[in-house]
Amino acid sequence: MKKFDDSAQLLLIAGFAVGVGIVVLTVMLNNVIYASNMASESSIDTSRYDMANVIQITTEAYEDAYQAALINGSHSNVDNATFKQYIEDFIKQASESYGITGLTFSCQTDELSEAYFTHSGLADGEDDWTLVTNINITEAFSMSIPEVSRLGNGSNRVMIRAANVSGDMLWSMELYNSNGTINITVSDNSSTIGNYQSTTGEVNITGDQIDGGGVPTLHFSDRTAGQEYSINIINGSQAVGTYSISGNLSTGQPFTQARYWMADPTITMSSSEIMINRTIPISLPGGVQ
């Protein structure tokens, strides 16, 4: 009987030792995990995410301000006072919101300016770029170059080019300034379709109109029919103007893209540890939808 009691006591002691060992191991493992997480979190630069969020909300604020400032829905008539007041209200609210988190937010407001035909819309933006890709059909496409004096000459032509998925040109339109008149040359992949002139710089490509009047068809729609294509702008820094385009992508999804004005605000985010400045070009009314 005594031998049986000794065995039971040994089993009890062994069980207790195993239990204590598990507890100690669990505590040590938790400490290791906690220390690892703290080290990982401390190495994450959250400022990049803060800045990304600020860029997004600032862009949306400028787009909303632009829509609120349109007079009778006309993109050529913008109430600058309304636009400025909207942006000032946004800056005040954003500053208060970020101040609670310990961050200082400021935004150097920027007046609306004319847009170049570059990728960013700025004079020093990318010259050669793709306006829209994977297009199935273009329902409406128009552009305007109101300042002929700021259009390149014959050796610095601006080109609007439609190309298929293989890169082969389907249609193109070249524009250049010739003594105050805009010369327009329209071509397909094999020949010149026509040569035209414009004084106001307004071209409705899908509507076959120049300066508001009808012209012999520009053949954009029939040259791109049945194709999947992209529209590219070449030498865009050589012209200041606007564009609007809409249609359907090859996926069946509709798209709309337009640029009538530019804003170029500088935003600043700072804390006790870091300060970031970022200037962001914003095309108005907005991008692809």
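Description of the structure in this document.

The rules behind the values
Residues numbered from 1 in each chain as written. Predicted model: local features only at pLDDT ≥ 70, side-chain atom pairs only at ≥ 80, totals over all residues. Heavy atoms only, no water. Salt bridge = Lys/Arg side-chain N within 4 Å of Asp/Glu carboxyl O. Buried < 20%, exposed > 50% of the residue type's maximum accessible area, 1.4 Å probe, protein only. Helix = DSSP H or I, 4+ residues; strand = E, 2+ residues; numbered from the N terminus. 1 Å grid on protein atoms, 1.4 Å probe; cavity = no way out; pocket = protein on both sides within 12 Å on 5 of 7 lines; lining within 4 Å. Points joined across faces, edges and corners; volume = space filled by probe spheres on them. Phe/Tyr/Trp six-rings, centres within 6.5 Å; stacked < 30°, edge-to-face > 60°. Polar contact = N/O pair within 3.5 Å; in protein donor to acceptor, adjacent residues only side chain to side chain. Contact = heavy atoms within 4.5 Å. Pairing = 2+ DSSP bridges.

## Notes on the pattern of salt bridges
Pairs can form between side chains of opposite charge whenever their charged atoms are close.
Next, step 1: Within the structure shown, the criterion is met by five salt bridges.
Next, step 2: Between Arg150 and Glu147 there is a salt bridge; the shortest N-O distance is 3.2 Å.
Next, step 3: Judged by its relative accessible area of 24%, Glu147 is partly exposed.
Next, step 4: With a shortest N-O distance of 3.0 Å, Arg223 and Asp188 are connected by a salt bridge. Taken together, the positions of Arg223 in helix 4 (residues 220-224) and Asp188 in strand 7 (residues 181-188) put the pair 35 residues apart, joining distant regions of the chain.
Next, step 5: Among the ionic contacts, a cluster of salt bridges with common partners joins Glu114, Glu147 and Arg150.

## Here's the deal with empty space enclosed by the protein
Next, step 1: This model, assessed by the stated rule, comprises one cavity of 30 Å³ or more.
Next, step 2: For the largest cavity, the full set of lining residues is Phe83, Lys84, Ile87, Thr109, Asp110 and Glu111.

## A few points about the packing of aromatic side chains
Next, step 1: Going through the model one piece at a time under the given rule, you end up with six aromatic pairs.
Next, step 2: Here Tyr62 and Phe83 contribute two aromatic rings whose centre-to-centre distance is 5.8 Å and whose plane-to-plane angle is 65°, an arrangement assigned as edge-to-face. Here Tyr62 is found in helix 2 (residues 47-69), whereas its partner Phe83 is found in helix 3 (residues 80-100), with 21 residues between them in sequence.
Next, step 3: Judged by relative accessible area, which is 0%, Tyr62 ranks as buried.
Next, step 4: Judged by relative accessible area, which is 4%, Phe83 ranks as buried.
Next, step 5: Measuring from ring centre to ring centre gives 5.0 Å for Trp171 and Phe220, while their planes differ by 90°; the resulting arrangement is edge-to-face. One end of the pair, Trp171, is in strand 6 (residues 169-178); the other, Phe220, is in helix 4, with 49 residues separating them in the sequence. Grouping residues by exposure puts Trp171 and Phe220 together as buried.
Next, step 6: Ring pairs connect the aromatic residues Phe141, Trp171, Phe220 and Tyr229, which therefore count as one cluster.

## Some words on the side chain of Asp188
Next, step 1: With a relative accessible area of 9%, Asp188 lands in the buried category.
Next, step 2: A polar side-chain atom of Asp188 sits 2.8 Å from the main-chain amide nitrogen of Ser191.
Next, step 3: A polar side-chain atom of Asp188 sits 3.0 Å from a polar atom in the side chain of Arg223.
Next, step 4: In this structure Asp188 touches Met169, Leu170, Trp171, Ile193 and Arg223, once residues within four positions along its chain are discounted.

## What about the pairing of strand 13 (residues 242-249)?
Side chains on a regular strand alternate between the two faces of the sheet.
Next, step 1: Among the eight residues of strand 13, six are classified as buried, and the element is accordingly described as predominantly covered.
Next, step 2: Where strand 4 (residues 129-144) meets strand 13, eight bridges bridge the pair, whose relative direction is antiparallel. When the sheet's bridge partners are listed, Phe141 is paired in strand 13 with Ile245.
Next, step 3: The pairing of strand 13 with strand 14 (residues 254-263) spans six bridges and is classified as antiparallel. If you follow Ser246 over to strand 14, its bridge partner there is Thr256.

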